[in-house]
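This is what each chain is made of:
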Amino acid sequence: REPYNIKVLGAMDASLPAMTLPSFQLANLRVLVQPALITAVISYMVTISIAQSFASKHNYVVNANQELVALGCSNIVGSFFQAYPCSGSLSRSAVCSVSGAHTQVHGF
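Read on for a plain summary of the structure. (Residues numbered from 1 in each chain as written. Predicted model: local features only at pLDDT ≥ 70, side-chain atom pairs only at ≥ 80, totals over all residues. Heavy atoms only, no water.)

1. Observations regarding the overall build of the protein chain
Secondary structure assignment for the protein chain yields three helices and zero strands. Here the protein chain has a C-alpha radius of gyration of 19 Å; the compact-globule value for 108 residues is 13 Å, and the former is much larger. For the protein chain, the spread of C-alpha atoms along the principal axes amounts to about 55 × 45 × 20 Å. Here the protein chain holds 108 residues, and 11% of them are scored as buried. Taking the contacts inside the protein chain whose residues are at least 6 apart along the sequence as the reference set, 62% of them involve residues at least 24 apart. (Helix = DSSP H or I, 4+ residues; strand = E, 2+ residues; numbered from the N terminus. Rg over C-alpha atoms; globule rule 2.2 N^0.38 Å. Buried < 20%, exposed > 50% of the residue type's maximum accessible area, 1.4 Å probe, protein only. Contact = heavy atoms within 4.5 Å.)

Written out as structure tokens, the structure is:
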């Protein structure tokens, strides 16, 4: 710290966020409904387009309803841990596909 003149703001908590109920205030809900719906639709469209692209490349079938339920459930559960909304990632999927990954273990 000394030779590089870096300021330390304080210690960071190394644990995961505690599970808490999301805040449900009517004023906040009115403001967030439209952006939340737009985010959900765009997230779903991106995820489905990625899935369909790789399904045609690797000869498997994508169930759009199952994808919608999976995204919805993961985002609902994530809201209890202050997580960002999840979606598909074309760049990460492409890298995994090219490298030959077949399971989710590649992320470890």
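2. A look at a nonpolar patch on the surface
On the surface, F24, L26, L29, V33 and L37 cluster together to form a nonpolar patch covering roughly 520 Å² of accessible area. Note on placement: V33 falls in helix α1 (residues 26–58). For V33, a relative accessible area of 44% puts it in the partly exposed group. (Patch = residues over 30% accessible without salt bridge, like charges linked within 9 Å, V, L, I, M, F, W, Y side chains within 5 Å. Areas by Shrake-Rupley, 256 points an atom, 1.4 Å probe, with all protein chains shown as cover. Salt bridge = Lys/Arg side-chain N within 4 Å of Asp/Glu carboxyl O.)

3. So, unusual backbone geometry
Keep in mind that most residues, glycine aside, have a negative phi and that most peptide bonds are trans. Phi at N59 is positive, roughly 60°, even though this residue is not glycine. Relative to the helices and strands, N59 resides in the loop between α1 and α2 (64–79). For Q82, which is not glycine, the phi dihedral falls at a positive 55°.

4. Some words on the packing of α1 against α2
Contact pair α1 / α2: the axes reach a minimum separation of 10 Å and the direction vectors enclose 130°. When the axes of α1 and α2 are compared, the pair comes out oblique. For the crossing formed where α1 meets α2, the hand is right-handed. Every residue of α2 that contacts α1 at S43, Y44, T47 and I48 is listed here: A64, E67, L68 and L71. Taken together, the residues that form the contact of α1 with α2 break down as five nonpolar, two polar and one charged. (Axes fitted to C-alpha atoms, helices over the stretch in contact; angles between N-to-C directions. Parallel < 35°, antiparallel > 145°, perpendicular 65-115°, else oblique. Left-handed = near helix turned anticlockwise from the far one by under 90°. Nonpolar A, V, L, I, M, F, W, Y, C, P; charged D, E, K, R; others polar.)

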